[in-house]
Amino acid sequence: FNGTDEYVTMGNTNNLGTTDFSISCWVKRNLTTVVFNLLTKDQSDPSHWYFSIAADKSIIFYCKTGGVHRQKLISNANAVPNDTNLHHIVMVQDRDNDSNCKFYVDGSHISVGYGTGNTASAQATTDTLDNTGNLYVGRWHGEGGTYDYYSNGLINEVAIWQGTVLSSSQVQELFNDGVARSALE
């Protein structure tokens, strides 16, 4: 992706509903000082979610439904190495147990915190993440297109498992194998 106008649109797919889920992808950032959008599912304001690497190298999963900020999971700053190498990024979310919402970088578990106030809560564990918007790879088409941010680099082997919370050994296997499907076979 060139950071200007390149991205992939998957169409209206992968509604996460209220089930558990896991997301995995390989990432190579060309620029390490800007936001790198991995996946976004954006209907329009009031409902969307995104999974990204922030400018401070933290990993973020954020969702908003019905105009209300529902959840913002944030890793510690510098969770993703400050380089342009290929890295494996995973998020797993057990919707019944907030302590089982986890991030992994290159097979290693990364600490997760929850935002506060109007920007976040752990409430997404009971709310649906469904919306009628497109699923984007490498682009944040946020707030119904109010914002368009494009990633500069490579996103590969994107996988979304609905109804599955990957275990730490499955995440490690994904990282070791470099193949999105093999951990569940």
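Above this text is the structure in question.
Note that the structure is a prediction, hence the values are computed from the model and not measured.

Procedures and definitions
Residues numbered from 1 in each chain as written. Predicted model: local features only at pLDDT ≥ 70, side-chain atom pairs only at ≥ 80, totals over all residues. Heavy atoms only, no water. Core = buried A, V, L, I, M, F, W, Y, C linked by side-chain atoms within 4.5 Å. Buried < 20%, exposed > 50% of the residue type's maximum accessible area, 1.4 Å probe, protein only. Helix = DSSP H or I, 4+ residues; strand = E, 2+ residues; numbered from the N terminus. Contact = heavy atoms within 4.5 Å. Phe/Tyr/Trp six-rings, centres within 6.5 Å; stacked < 30°, edge-to-face > 60°. Lys NZ or Arg CZ within 6 Å of the ring centre and 35° of its normal.

Caption draft 1: Broad picture of the nonpolar core. Core analysis: the largest hydrophobic core is formed by 28 residues, its most contacted members being Leu38, Trp49, Phe51, Phe61 and Ile89. Elements supplying a minimum of two residues to this core: strand 2 (21–29), strand 3 (36–44), strand 4 (47–53), strand 5 (59–65), strand 7 (86–93), strand 8 (102–105), strand 11 (134–137) and strand 14 (153–162). Ignoring anything within four residues of it in the chain, the contact list for Phe51 reads Ile23, Asn37, Leu38, Leu39, Ile59, Ile60, Phe61, Ile89, Val90, Met91 and Phe103.

Caption draft 2: Main features of the environment of Asp83. Along the chain, Asp83 falls in the loop between strand 6 (68–75) and strand 7. Sequence-distant contacts of Asp83, defined by excluding residues within four places in its chain, comprise Arg29 and Thr32.

Caption draft 3: How the structure looks around the packing of aromatic side chains. Evaluation of the coordinates by the stated rule reveals nine aromatic pairs. Ring geometry for Trp49 versus Phe61: centroids 5.7 Å apart, planes at 40°, classification tilted. Of this pair, Trp49 sits in strand 4 while Phe61 sits in strand 5; the two residues are 12 residues apart in sequence, bridging distant segments of the chain. The same class applies to Trp49 as to Phe61, namely buried. Connected via pairs of aromatic rings, a cluster forms that spans Tyr50, Tyr62, Trp140 and Tyr149. Sitting over the face of the ring of Tyr7, Arg139 holds its NZ or CZ atom 4.3 Å from the ring centroid. Stacked on the ring of Tyr136, the Lys or Arg Arg139 has its end atom at 4.8 Å from the ring centre.

Caption draft 4: Structural detail: the side chain of Ser75. Looking at the secondary structure, you find Ser75 in strand 6. Once residues lying within four places of it in the same chain are set aside, the contact partners of Ser75 are Ser58, Ile59, Phe103, Ile110, Ser111 and Val112.

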